[in-house]
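# Chain and residue survey
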Amino acid sequence: MFPDQILASDDDESTDSFTISDLATEFGLTPRTIRFYEDEGLLTPERDNLVRVYSRRDRGRLALICRGKRLGFSLAEI
């Protein structure tokens, strides 16, 4: 599933929070890549002790990041 399709199907999901593993699997990324995006300030997950908890907003932002990268934009431009 492509990130564009994921945004379109947001209403189909019943989950309001996601783990880093959930997002990595869904978007075909490594957890390290998602942590890098967090370090760059593109994602801001909540914390539950040491566990990152990503919201639907973070998931949507990650879809936009993936779309921008696929279109050739740099992270600074995104």
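Everything below is about the structure printed above this text.
These lines cover the structure that appears in this document, whether it is placed above or below. Fair warning: this is a prediction, and the values are worked out from it, not measured in the lab. (Residues numbered from 1 in each chain as written. Predicted model: local features only at pLDDT ≥ 70, side-chain atom pairs only at ≥ 80, totals over all residues. Heavy atoms only, no water.)

### A word on the packing of helix α2 (residues 20-27) against helix α3 (residues 31-39)
Between two packed helices, what matters for the description is the angle formed by their axes and the separation of those axes. Selection rule: Axis definition: a line fitted to C-alpha atoms, over the contacting stretch in the case of helices. Angles run 0 to 180 degrees between N-to-C directions. Each helix is a run of DSSP H or I of at least 4 residues and each strand a run of E of at least 2, with the numbering of both proceeding from the N terminus. An angle below 35 degrees is read as roughly parallel, one above 145 as roughly antiparallel, one from 65 to 115 as roughly perpendicular, and any other as oblique. Here, residues are in contact when the closest pair of their heavy atoms is within 4.5 Å. In this classification, the charged set is Asp, Glu, Lys and Arg, the nonpolar set is Ala, Val, Leu, Ile, Met, Phe, Trp, Tyr, Cys and Pro, and all remaining amino acids, among them Gly, are polar.
At a minimum axis separation of 9 Å, α2 and α3 run at an interaxial angle of 110°. Classified by the angle their axes make, α2 and α3 are roughly perpendicular. Contact residues: α2 offers Ile20, Leu23 and Ala24, while α3 offers Pro31, Ile34 and Arg35. In terms of residue class, the contact of α2 with α3 is made up of five nonpolar, no polar and one charged.

### Re helix α4 (residues 56-70)
Where we set the bar: Here, expected helix span is obtained from the residue count minus one, scaled by 1.5 Å. Each residue is placed in one exposure class: buried if its accessible area under a 1.4 Å probe, protein chains only, is under 20% of its type's maximum, exposed if it is over 50%, and partly exposed if it falls in between. Whenever two N or O atoms come within 3.5 Å, that pair is a polar contact, provided that in protein one can donate a hydrogen and the other can accept it, and provided that, for residues adjacent in sequence, both atoms are side-chain atoms.
Taking 1.5 Å per residue, 15 residues should reach 21 Å; α4 reaches 21 Å between its end C-alpha atoms and fits that length. The set of residues buried in α4 consists of Asp58, Arg59, Gly60, Leu62, Ala63, Ile65, Cys66 and Gly68. Sitting at the head of α4, Ser55 places a side-chain oxygen 3.3 Å from the backbone nitrogen of Arg57.

### Here's the deal with the pairing of strand β3 (residues 51-55)
What counts, and what does not: A pair of strands is considered paired only if DSSP assigns at least 2 bridges between the two.
For strand β1 (residues 17-18) and β3, the ladder comprises two bridges, and the chain directions are antiparallel. For Ser17, the partnering residue across the bridge sits in β3 and is Ser55. In the sheet, strand β2 (residues 46-48) pairs with β3 via three bridges, with the strands oriented antiparallel. Residue pairing in the sheet places Arg47 in a bridge with Arg52 of β3. Where β2 folds back on β3, the antiparallel hairpin that results is connected by two residues, among which Asn49 adopts a positive phi of roughly 60°.

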